[in-house]
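Tertiary structure, described
Residue strings, one per chain:
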Amino acid sequence: MNQYLKNLNRIEFVVTMACTGRCKHCSEGEHISDGEHIDGDAAAEAVCEICENYNIDSLMTFGGEPLLYPQTVCKIHNAAKNAGIPKREIITNGYFTKSSDRIKEVAHMLAESGVNGIMLSVDAFHQETIPLIYVKEFAKAVLSERIFVEVHPAWLVSAEDDNAYNLKTRELLKEFKALGIGVSDGNIIFPSGNAKKYLSGYFDDNEEYISPYQENPKDMHAVSFFPNGDVLNGNIYQKSISEILKTYSPEE
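The sections below set out a description of the structure shown in this document. Note that this is a predicted model, so its numbers are computed, not measured.

Overview of the overall build of the chain
On a plain count of helices and strands, the chain comes out with seven helices and eleven strands. Over its C-alpha atoms the chain spans a radius of gyration of 18 Å, differing by no more than 12% from the 18 Å that the globule rule assigns to 252 residues. Projected onto its principal axes, the C-alpha coordinates of the chain cover approximately 50 × 50 × 30 Å. Expressed as a percentage of contacts within the chain between residues at least 6 apart in sequence, the contacts between residues at least 24 apart total 76%. When the accessible surface of the chain is split by element, carbon and sulfur atoms take 46% of a total near 12400 Å². Treating the 23 positive side-chain charges of the chain as one cloud and the 37 negative ones as another, the clouds have centres 5 Å apart.

With respect to the packing of helix α2 (residues 70-82) against helix α3 (residues 100-113)
It is the contact of α2 with α3, at a shortest axis distance of 8 Å, that shows an interaxial angle of 20°. The orientation of α2 relative to α3 falls into the category roughly parallel. Of α3, the residues touching α2 (which contributes P70, Q71, V73, C74, H77, N78 and K81) are R102, V106, M109, L110, E112 and S113. For the contact of α2 with α3, the residue count by class is six nonpolar, four polar and three charged.

Re the environment of N82
Locating N82 in the fold gives a position in helix α2. A sequence separation of 110 residues divides N82 from S192, and the C-alpha atoms of the two residues are 37 Å apart.

Some details on the environment of I50
If you trace the backbone, I50 turns up in helix α1 (residues 40-53). The exposure class assigned to I50 is buried, which follows from its relative accessible area of 0%. Separated by 191 residues in sequence, I50 and I241 place their C-alpha atoms 7.2 Å apart. Residues contacting I50, with those up to four places away along its chain left out, are L8, I11, I56, V223, F225, I241 and L245.

A few points about the pattern of salt bridges
One pass over the structure, following the stated rule, counts seven salt bridges. A salt bridge links E128 to K24, with the shortest nitrogen-to-oxygen separation between them at 3.6 Å. Here E128, found in the loop between β4 (117-120) and α4 (132-144), pairs with K24, found in the loop between β1 (10-16) and α1; they are 104 residues apart in sequence, far enough to count as distant. Across the pair R170 and D162 runs a salt bridge, and its minimum N-O distance is 2.7 Å. The class of R170 is partly exposed, set by a relative accessible area of 24%.

Let's talk about the side chain of T16
On the secondary structure map, T16 appears in strand β1. A distance of 3.0 Å separates a polar atom in the side chain of T16 from the backbone nitrogen of A18. Of the polar contacts made by the side chain of T16, one reaches the backbone oxygen of E36; its length is 2.8 Å. When near neighbours in sequence (up to four residues on either side) are disregarded, T16 contacts G35, E36, H37, F62, G63, G64, E65, P66, Y69 and P227.

Considering the pairing of β4
Alternating residues of β4 divide into G117 and M119 and I118 and L120, and every residue in both groups is buried. Alignment of strand β3 (residues 87-92) against β4, held across four bridges, turns out to be parallel. Counterpart to T92 in the pairing with β4 is L120. As defined by bridge partners, β4 adjoins strand β5 (residues 149-151) across three bridges and the pair is classed as parallel.

Section: the environment of S58
Tracing the backbone shows S58 in strand β2 (residues 58-63). In sequence terms S58 and I130 are 72 residues apart; their C-alpha atoms lie 28 Å from each other. In contact with S58, not counting residues within four places along its chain, are N9, R10, I11, I85 and K87. In this structure the side chain of S58 is engaged in a polar contact, spanning 3.0 Å, whose partner is the side chain of R10.

Concerning the nonpolar core
One finds I11, F13, V47, I50, L110 and F225 to be the most contacted residues of the largest nonpolar core, which totals 61 residues. Filtering out sequence-adjacent residues up to four positions away, F225 remains in contact with I11, E12, F13, V14, I38, A46, I50, D230, V231, I236 and I241. In terms of nonpolar packing, the next biggest core, distinct from the first, is built from nine residues, A124, F125, Y165 and A195 among them.

The rules behind the values
Residues numbered from 1 in each chain as written. Predicted model: local features only at pLDDT ≥ 70, side-chain atom pairs only at ≥ 80, totals over all residues. Heavy atoms only, no water. Helix = DSSP H or I, 4+ residues; strand = E, 2+ residues; numbered from the N terminus. Rg over C-alpha atoms; globule rule 2.2 N^0.38 Å. Contact = heavy atoms within 4.5 Å. Areas by Shrake-Rupley, 256 points an atom, 1.4 Å probe, with all protein chains shown as cover. Lys, Arg positive; Asp, Glu negative; His and termini not counted. Charge placed at Lys NZ, Arg CZ, Asp CG, Glu CD. Axes fitted to C-alpha atoms, helices over the stretch in contact; angles between N-to-C directions. Parallel < 35°, antiparallel > 145°, perpendicular 65-115°, else oblique. Nonpolar A, V, L, I, M, F, W, Y, C, P; charged D, E, K, R; others polar. Buried < 20%, exposed > 50% of the residue type's maximum accessible area, 1.4 Å probe, protein only. Salt bridge = Lys/Arg side-chain N within 4 Å of Asp/Glu carboxyl O. Polar contact = N/O pair within 3.5 Å; in protein donor to acceptor, adjacent residues only side chain to side chain. Pairing = 2+ DSSP bridges. Core = buried A, V, L, I, M, F, W, Y, C linked by side-chain atoms within 4.5 Å.

Right under this line is the structure:
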């Protein structure tokens, strides 16, 4: 086993960078509504290969908006279910269609594929461009499929800070609590991409901010796939994930 991956226990897929939101807090910058997405069959095969050699506790799909490509998401989660990964989650803004029938269809697809947790991005930033009515309809459809769902808000400065954005977020969360949906700790906005562009006044120029998602390259706990197939120092369209993991070195 590769010494740098001896503690590997998590798989992540950025399914696509395409998104239905135009959020000013997004660390990735501007998004378009369609674009490149990872191949579902290649991703599912990679999941199976990883699980042959590592004890994986959790798998997550996100984006962009992953549910723009629900078939791909379901192939990945079905592979995770079959491989015995216990925690299988999605982060989604909940807005991928206006069709009630399609919302119910996708919620059922997710349940059938083995998704057992949905983190719903709801806050003042998402709701500037994403209609809440469709997000709530999706949340209700997911609940009817008996999938655990909780709201996962983005906080500016801190969850306790009383800036105007956080106050708006707290009001939005009340609507989901009324539906019986809980709230996670969420995340604190990191000054990168759009956040650095549109919210710079909330950050201290003299402070060094460290991304909460940054890992020690010499002790990787998660392997993260990107929409173009890139992962670690390789690409699953060019090499098998087993070979990529075997030859991974942080010095490369």
